[in-house]
Amino acid sequence: MRAIVYEEFGPAEVLHLAEVPVPQIRPSDLLVKVGAAGVNRADLLQRNGFYGAQQFGESPLLGLEVAGEVIAIGDAVTDIEVGARVMAIVGGGGYGAFARVDRAMAVPIPDSMSFHQAAAVMESFVTAVEAVSHLAGVKAGQSVLIHSAAGGIGSAAVQLAHSLGAVVYATASAARHEDVLGLGADAVIDYRTSDFEAEIAALTNGAGVDAIVDFVGGDYLARNLRSLKPGGVLVQVGILSGENDAVIPLNLVLHNHLRLVGTVMKSRTPQEKRAMVQRFAERALPLFAAGKLRPLLDHAFPLAQAAEAHRRMEKGGGFGKIVLTL
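Residues numbered from 1 in each chain as written. Predicted model: local features only at pLDDT ≥ 70, side-chain atom pairs only at ≥ 80, totals over all residues. Heavy atoms only, no water.

Undergrad: I keep staring at the nonpolar core and nothing clicks. Help me out?
TA: The biggest cluster of nonpolar side chains holds 57 residues, and the ones touching the most others in it are Met 87, Met 122, Val 144, Ile 146, Val 158, Val 180 and Phe 280. Ranked by residue count, the leading element in this core is helix H3 (residues 122-135), at 8 residues. If near-sequence neighbours (up to four positions away) are discounted, Ile 146 is found in contact with Gly 154, Ala 157, Val 158, Ala 161, Val 168, Tyr 169, Ala 170, Thr 171, Val 213 and Phe 215. Counting residues in hydrophobic clusters, the runner-up holds 17 residues, among them Val 39, Ala 309, Met 313 and Ile 322. (Core = buried A, V, L, I, M, F, W, Y, C linked by side-chain atoms within 4.5 Å. Buried < 20%, exposed > 50% of the residue type's maximum accessible area, 1.4 Å probe, protein only. Helix = DSSP H or I, 4+ residues; strand = E, 2+ residues; numbered from the N terminus. Contact = heavy atoms within 4.5 Å.)

See the structure below:
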């Protein structure tokens, strides 16, 4: 089958199309003919050697989410048929014509959604449900600050928090303010020209917010903690700043009974990933069918142009997800 491979770590140019074996399914698997695959920042990190030889899945190929048609099922699978349209999280292998999918990691694609759109859903919205709903426990009437709100996961988190009835504050570049407001944010802060800590203090009359979802890290950490209400929670999903070490104001954490929770999907066990997908299926999938959530597609590239897709993600400034199409 056609797939994107690389022989050495490096820039986007190391990616190229090649012929590789079709994956063999096990009793609890599906074989999916891939219609489209999502591109994620973890793919860029893997290509650059950030994880070294470590693998967090079942395939050395890039790609953590796919949308496509089931063409074969394992002997133990009884609740889905060949021909079904599914979107799924995979442990690598998305950048290929066919993908092996754990049945418990796949959910049906709503009838109104194309493969292109569905490929922009799983990684972003499964992570958003985990961060906003499961870990932060955001409820109606609460307030939440979501950083990097124009990105794939950030934009999903804004939609989800809004659908839960929360007051949503967000950070994004000035060029994306109207886009983020259109997702349900109540106010958007330009992180390039404004101090979000001061802005949140002004917006909340000094009270702070109940929860924060952050993808940046670094010097955002202390500012985030100072922006929380007593008893608030900060869910750290990524470190876009590249700064692993940060100062934590422990006196504030202790005095205000704050919680700091870290989460990342790639390093979770298969059992944990299945539980995350189940929570997504229960809490978010019905909202897509009802039109309360929608996939956001920034750009679609043919599979052979995976290097260009990676360069677009590295450049930044897009709105929504980048996908590869087959």
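Next, the rest of the story.
Undergrad: Looking at this structure, I do not really get helix H11 (residues 306-315). What am I missing?
TA: What H11 keeps buried is the set Ala 306, Ala 307, Ala 309, His 310 and Met 313. Down the axis of H11, the buried set is contained in an arc of 160 degrees. They therefore lie on one face. In this structure, the buried side of H11 is in contact with strand S1 (2-5), strand S3 (29-39), helix H1 (41-47), strand S14 (297-302) and strand S15 (321-325). Gly 316, located one to two residues past H11, shows a positive phi value of around 75 degrees. (Arc of directions from axis to C-beta.)

Undergrad: Any chance you could explain unusual backbone geometry here in plain terms?
TA: If a residue is not glycine, its phi is most likely negative; likewise, a peptide bond is most likely trans. In this model, Ser 148 sits at a positive phi of 50 degrees, which is unusual for a non-glycine residue. By the element assignment, Ser 148 lies in the loop between strand S8 (143-146) and helix H4 (152-163). For Ser 148, a relative accessible area of 25% corresponds to the partly exposed category. A positive phi angle, close to 55 degrees, is found at His 257, a residue other than glycine. Here His 257 lies in the loop between helix H8 (250-255) and strand S13 (259-262). Classification of His 257 as exposed rests on a relative accessible area of 60%.

Undergrad: Sorry if this is basic, but what is going on with H3 here?
TA: Side chains that are three or four residues apart share a direction in an α-helix, a result of its 3.6 residues per turn. Of all 14 residues that make up H3, 13 are buried, and the element is covered over most of its length. Two residues or fewer after H3 comes Gly 137, characterised by a positive phi angle close to 65 degrees.

Undergrad: Would you mind showing me how to read a nonpolar patch on the surface here?
TA: Together, Ile 248, Leu 250, Leu 254 and Leu 260 make up a nonpolar patch on the protein surface, roughly 400 Å² of accessible area in all. With respect to the secondary-structure elements, Ile 248 resides in the loop between strand S12 (228-236) and H8. (Patch = residues over 30% accessible without salt bridge, like charges linked within 9 Å, V, L, I, M, F, W, Y side chains within 5 Å. Areas by Shrake-Rupley, 256 points an atom, 1.4 Å probe, with all protein chains shown as cover. Salt bridge = Lys/Arg side-chain N within 4 Å of Asp/Glu carboxyl O.)

Undergrad: Teacher, can you tell me more about the packing of H3 against H4 here?
TA: Between H3 and H4, the least distance of the axes is 8 Å, while the angle of their chain directions is 55 degrees. Considering their axes alone, H3 and H4 lie oblique with respect to each other. Regarding H3 and H4, the two cross each other, and that crossing is right-handed. Along its contact with H3, which presents Glu 123, Ser 124, Phe 125, Thr 127, Ala 128, Val 129 and Val 132, the element H4 presents Gly 152, Ile 153, Ala 156, Ala 157, Gln 159, Leu 160 and Ala 161. Broken down by class, the residue content of the contact of H3 with H4 amounts to 9 nonpolar, 4 polar and 1 charged. (Axes fitted to C-alpha atoms, helices over the stretch in contact; angles between N-to-C directions. Parallel < 35°, antiparallel > 145°, perpendicular 65-115°, else oblique. Left-handed = near helix turned anticlockwise from the far one by under 90°. Nonpolar A, V, L, I, M, F, W, Y, C, P; charged D, E, K, R; others polar.)

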